[in-house]
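So the chains spell out like this:
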Amino acid sequence: MYEEKTKQKSLGIFALFGLLPLLAFVIVVMIPFISGLLLSLTNWKGVLDGIQFIGLGNYAAAIKDPGFWASMQLTVVYVLFVTILTNVLAFLLASLVTSGFKGQNLCRTGYFTPNLIGGVILGFIWQFIFTRVFVFIGQTLDIGLLAKNWLTVPQTALWTLILVSVWQNAGYMMLVYVAGLMGIDKSLLEASQIDGASSWQRLLRVKLPLMVPAFTITLFLTLRRAFMVYDVNLSLTKGGPYNSTQLIAMHVYNDAFVNQNLGPGQAKAFLLFAIVAAVAMLQVYILKNKEVDSL
Amino acid sequence: MSGRKRTVNIASLLKLSLALFFLVMMIFPFGLVLINAFKSRMEIIQSPLALPGSWSFDNFITAWKTMSYHVVLGNTLYITALSQIVLIVFSAMFAYLLVRWNWKINKFIFFMLVCAMIIPFQSLMIPFVSIFGKLGMMNSRTAMVFFYLGFGMPMTTFMYHGFMKGISKEMEEAAMIDGCSYFSCFWRMVFPNLKSITVTILIINILWIWNDFLLPSLVLIKENTRTIPLSTFYFFGEYTAEFGLAMAALIMSVLPVIVIYLFLQKHIIAGVMDGAIK
């Protein structure tokens, strides 16, 4: 650690190395965050004239709004399925591309491709596939399930969103699992094999426990991404049909910017933040306790 | 012996076909968009699966003109490139400050940065639009660079911080005895050692900023300031019924990233994996 002899010298170093990034952080993140917190406690309607402190009124209004709960409920279902399916698929893909066959690097490259492209564009691509391609296949081959446009039916529309999100995220989480699998000490696997463990036992008793750090990361990332999803939601279903796919991020956006409910909108945004932070920290806490040392 | 060999072969055949199946699942949407980008509206309605009758670039030319693709591409390049430079330069320097000086305030700042990483953009956006709208920072591409510095700095600094802790400072101290200042010491001795983490950070940040939608949709309202995701969004909304045109626009919007990926795939995959375990 470096020490400075004078306060002045310390300040100089701080200004040289830290002033601009800190300023950007404070202006771009901290000020909106704190003003958001303050504004959520007032009857703010976009102008500061006649602004009044109303305590937790906006939060009460947000909690009483049935639209908020409907959207939250959808989001929980969506998050649950996306998190489970993404990680199951990602783990499967990771096991495949580390099993040592010719072309496994090509597969890694291919599986990761959806992650290069923004959610808005992916949503449009799948919109075309659901409305044109699947319907065409369904009608030509007379498959009832495909003949109907899934995006126009409330029961299937949420599933299109889940499907596209799993497809989009699996490749990224796969790479985290690949990194985890490659980090496992080979001698441990060999030792367990000599001791007569079947490949299934090796997966359950050796690989999975050693992969807990990777699960901590992938679960954190999938939970976070799923709770925050907006781009794909917007371009694939726009929240429809009949609000059957309006996830929480879109609900907050619409409430604030379309319906101009700025105060309750901001309160909802903070509730979302609180829920995400709680879920993410709980998950990290639980998995951290399950981590084992490989020695 | 031969029985065992056969089960091994069947198992590896199964594995290979499974891998191939998933490869097709991951790639076919892009292939479908590509073949339909060359077709007319009628051809697509007749069959979205058939190859185009003729490989005409008309859809691409029309889509390019309508969305002023060169302007949009320029905006995206400008914002992404400048944001990368400021994020790398300032976050690396900031991480150096946080790692090498043992001040109490540094610990507090580091804690704040970690906390800030879990704040979703949705909880900032309402006051954000109000504040920066009043300050007249809307429709400014340069303001976007500043915003990305603010939003990206916590994560970038965090990654540099973790990496820099592992670098010994003996070399630096030797150079300092010879009269090297902290600043030049950082750029000459420390920064060159950060190459691998810098590549990882660049990949993650480029993918984020190039594809970002919500923030630019709130800031870049004027048509001539839009980025690729924004412009694709408006274009697609307007020409949903013109499938061919819409597909051409989608291809043009993904092409820059896909081309770069084809050349740098090994580095990108390795970079993301490095970032994953850190």
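Look up a bit, the structure's there.
Note that this is a predicted model, so its numbers are computed, not measured. (Residues numbered from 1 in each chain as written. Chains lettered and ligands numbered in written order. Predicted model: local features only at pLDDT ≥ 70, side-chain atom pairs only at ≥ 80, totals over all residues. Heavy atoms only, no water.)

(A) Fine view of empty space enclosed by the protein. All names here are of chain B. Evaluation of the coordinates by the stated rule reveals one cavity of 30 Å³ or more. Considered as a void within the structure, the largest cavity measures approximately 30 Å³ in volume. Lining the largest cavity, in full, are Thr 76, Ile 79, Thr 80, Tyr 148, Ile 209, Trp 210, Asp 212, Pro 216, Thr 227 and Pro 229. Elements represented by at least two residues in the lining of the largest cavity include exactly helix H4 (69-100) and helix H10 (195-211). Examining the composition of the lining of the largest cavity, we find that three residues originate from one element, H4, more than from any other. Its residues assigned to classes, the lining of the largest cavity comprises six nonpolar, three polar and one charged. (1 Å grid on protein atoms, 1.4 Å probe; cavity = no way out; pocket = protein on both sides within 12 Å on 5 of 7 lines; lining within 4 Å. Points joined across faces, edges and corners; volume = space filled by probe spheres on them. Helix = DSSP H or I, 4+ residues; strand = E, 2+ residues; numbered from the N terminus. Nonpolar A, V, L, I, M, F, W, Y, C, P; charged D, E, K, R; others polar.)

(B) Representation of the environment of Leu98(B). All names here are of chain B. Its place among the elements puts Leu 98 in helix H4. It is 7.4 Å that separates the C-alpha atoms of Leu 98 and His 161, two residues lying 63 residues apart in sequence. When neighbours within four sequence positions are excluded, Leu 98 is seen to be in contact with Asn 106, Ile 109, Phe 110, Leu 113, Thr 157 and His 161. (Contact = heavy atoms within 4.5 Å.)

(C) A look at the layout of surface pockets. Reported here for the second largest pocket is a volume of approximately 940 Å³. Lining the second largest pocket are 23 residues, with Ser95(A), Thr98(A), Ser99(A), Ser199(A) and Lys207(A) sitting closest to its centre. When residues of the lining of the second largest pocket are traced back to their parent elements, those giving at least two are helix H3 (66-97), helix H7 (154-182), helix H8 (186-194) and helix H9 (199-210) of chain A together with helix H1 (2-37) of chain B. Its residues placed into classes, the lining of the second largest pocket shows 13 nonpolar, five polar and five charged.

(D) A look at the pattern of salt bridges. Taken as a whole, this structure holds five salt bridges over all chains when the rule is applied. Across the salt bridge formed by Lys268(A) and Asp65(A), the nearest N and O atoms sit 2.6 Å from each other. Pair noted here: Lys268(A) is in helix H13 (residues 262-290) and Asp65(A) is in the loop between helix H2 (57-64) and H3, with a separation of 203 residues, a long-range link. For Lys268(A), a relative accessible area of 1% puts it in the buried group. Where Glu173(B) meets Lys169(B), a salt bridge forms, and the shortest distance between an N and an O atom there is 3.6 Å. Residue classification places Glu173(B) among the partly exposed positions, given a relative accessible area of 33%. (Salt bridge = Lys/Arg side-chain N within 4 Å of Asp/Glu carboxyl O. Buried < 20%, exposed > 50% of the residue type's maximum accessible area, 1.4 Å probe, protein only.)

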